Amino acid sequence: MYLLEEKIWFWALLVIPLVVVLFFAVALWKRSAQKRFAANRTLFNQLTPNRSVFKPVFKLVIICLAIAFMVIALVNPKIGTKLETVKREGVDVVFAVDVSKSMDAEDIAPSRIDKAKQLVAQVINNLGSDRVGIIAYAGSAYPQLPITTDYSSAKMFLNSMNTDMLSSQGTAIKDAIELAKTYYNDEEQTNRVLVIISDGEDHEGDVAAIAESAEEVGIRIFTIGVGTEAGDRIPLKRNGVIQSYKKDQNGETVITKLDPAILQEIAASANGEYINGNSTQEVVDKMGTALNQMDKKEFEAKQFADFKDQFQWFLGAALLLLVLDVFLLERKTAWVRKLNLFNENTTKS
């Protein structure tokens, strides 16, 4: 297991193409100056018999490698040398994200689905040692990520979610709740949390009864409404570009609206709370307060420990290359000249 401590330094690698461009610019300037000094190429070669064509390019490669190694040293890669089991306390939190087409509506910037993912990411960023899981649902529910303590993986899976990932359309909240029940694999876990992020439209079945059955097995359901009650059109996109808007059977443009009533009913039935998702800070604060007030369950988690710095190897390699560059003159080396590897000794009479 490795860890990159200061990834921002990777931007310094942009110096390498600038060095290459500068090298070729200087090479062109030298070539122009040489033509003014000696009109005949043969004459110039006779005047500078020890000039090497290969070594300037070799020096450029060495300098670029030295810069790359120094950048990696600044990033400070670390390697985990030991896998150990640690004790942690927390709550199992499962996020069920609505990925139906109505979530493409842009009545809340940048869109409902993007706002939903932002809300989940911010809640995860403010968690302590809780475990998280992710479910995607539309006309059916799909397990996106099982319960884990790896927040980086959770956010990676979260970012990959979109409204095209499930072919069946609708908003089957009841399926998401039923699927969430299978996520909590610890029978002793008393506080289980399900967070449903949706616009609440097109729900199917008696979701309140399903929510009550979830509450009976210790699952508290918090619902977050994304969108506005004024609503907006549902864009149909191709390669990220809006082609048209969804229409009903009569050819009328469909207007999708936030339906907070069903979300409030679900939360009330499962000892939870409905939160308006328009304010990210409000969602983070309310979820943080609710989770902090819950009893924490101790569980075991495996993680890499004893991360050791590895920057010194790359720094040493960079210094070695720079020292080599200082002693590497742009003249032909005697023994290399005898080998004539690059056909540099041939002169035209």
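Everything here concerns the structure above.
To start, this report covers the structure provided alongside it. All of these numbers come straight from a predicted model, not from anything done at the bench.

Definitions and cut-offs
Residues numbered from 1 in each chain as written. Predicted model: local features only at pLDDT ≥ 70, side-chain atom pairs only at ≥ 80, totals over all residues. Heavy atoms only, no water. Axes fitted to C-alpha atoms, helices over the stretch in contact; angles between N-to-C directions. Helix = DSSP H or I, 4+ residues; strand = E, 2+ residues; numbered from the N terminus. Parallel < 35°, antiparallel > 145°, perpendicular 65-115°, else oblique. Left-handed = near helix turned anticlockwise from the far one by under 90°. Contact = heavy atoms within 4.5 Å. Nonpolar A, V, L, I, M, F, W, Y, C, P; charged D, E, K, R; others polar. Buried < 20%, exposed > 50% of the residue type's maximum accessible area, 1.4 Å probe, protein only. Pairing = 2+ DSSP bridges. Phe/Tyr/Trp six-rings, centres within 6.5 Å; stacked < 30°, edge-to-face > 60°. Lys NZ or Arg CZ within 6 Å of the ring centre and 35° of its normal.

1. Observations regarding the packing of helix α7 (residues 207-216) against helix α8 (residues 260-269)
Viewed as axis vectors pointing N to C, α7 and α8 meet at an angle of 25°, and their least axial separation amounts to 8 Å. By the angle between their axes, α7 is roughly parallel relative to α8. In this structure, α7 meets α8 at a crossing whose hand is right-handed. Each of Val207, Ala208, Ala211, Glu212 and Glu215 in α7 lies in contact with α8, whose residues at this interface are Ile262, Glu265, Ile266 and Ser269. Tallied by class, residues from the contact of α7 with α8 come to 5 nonpolar, 1 polar and 3 charged.

2. So, the environment of Tyr142
Among the structural elements, Tyr142 can be located in strand β5 (residues 141-148). Judged by relative accessible area, which is 43%, Tyr142 ranks as partly exposed. Residues Tyr142 and Leu179, 37 residues apart in the sequence, show an inter-C-alpha distance of 7.9 Å.

3. Quick look at the pairing of strand β9 (residues 235-238)
Alignment of β9 against strand β10 (residues 241-245), held across 4 bridges, turns out to be antiparallel. Bridge pairing in β10 places Arg238 opposite Val241. The antiparallel pairing of β9 with β10 creates a hairpin that spans 2 residues between the two strands, and Asn239 there sits at a positive phi of about 55°.

4. Some remarks on the packing of aromatic side chains
Following the criterion strictly, the structure yields 2 aromatic pairs and no others. Ring centres 5.3 Å apart and planes at 80° place the aromatic pair Phe23 and Phe24 in the edge-to-face group. Looking at Phe23, the relative accessible area reads 22%, which means it is partly exposed. You can call Phe24 partly exposed: its relative accessible area is 48%. Between Phe69 and Phe314, the ring centres sit 6.3 Å apart and the planes meet at 35°, which makes this aromatic pair tilted. A residue pair is termed long-range when its members are at least 10 positions apart, and Phe69 in helix α3 (residues 54-75) and Phe314 in helix α10 (residues 311-327) qualify at 245 residues. Of the residues examined, Phe314 reaches a relative accessible area of 25% and is grouped as partly exposed. The positively charged end of Arg233 is found above the aromatic ring belonging to Tyr245, 3.8 Å away from the centroid.

5. Comments concerning the pairing of strand β3 (residues 92-98)
For β3, a buried count of 7 out of 7 residues is recorded, marking the element as mostly surrounded by other parts of the structure. Burial along β3 is two-sided: Asp92, Val94, Ala96 and Asp98 facing one way and Val93, Phe95 and Val97 facing the other are all buried. Here 6 bridges tie β3 to strand β6 (residues 192-198), and the two strands are oriented parallel to one another. Note that in β6 the partner of Val94 across the bridge is Leu194.

Note that every value here comes from positions in space, so none of it alone points to a role or purpose.
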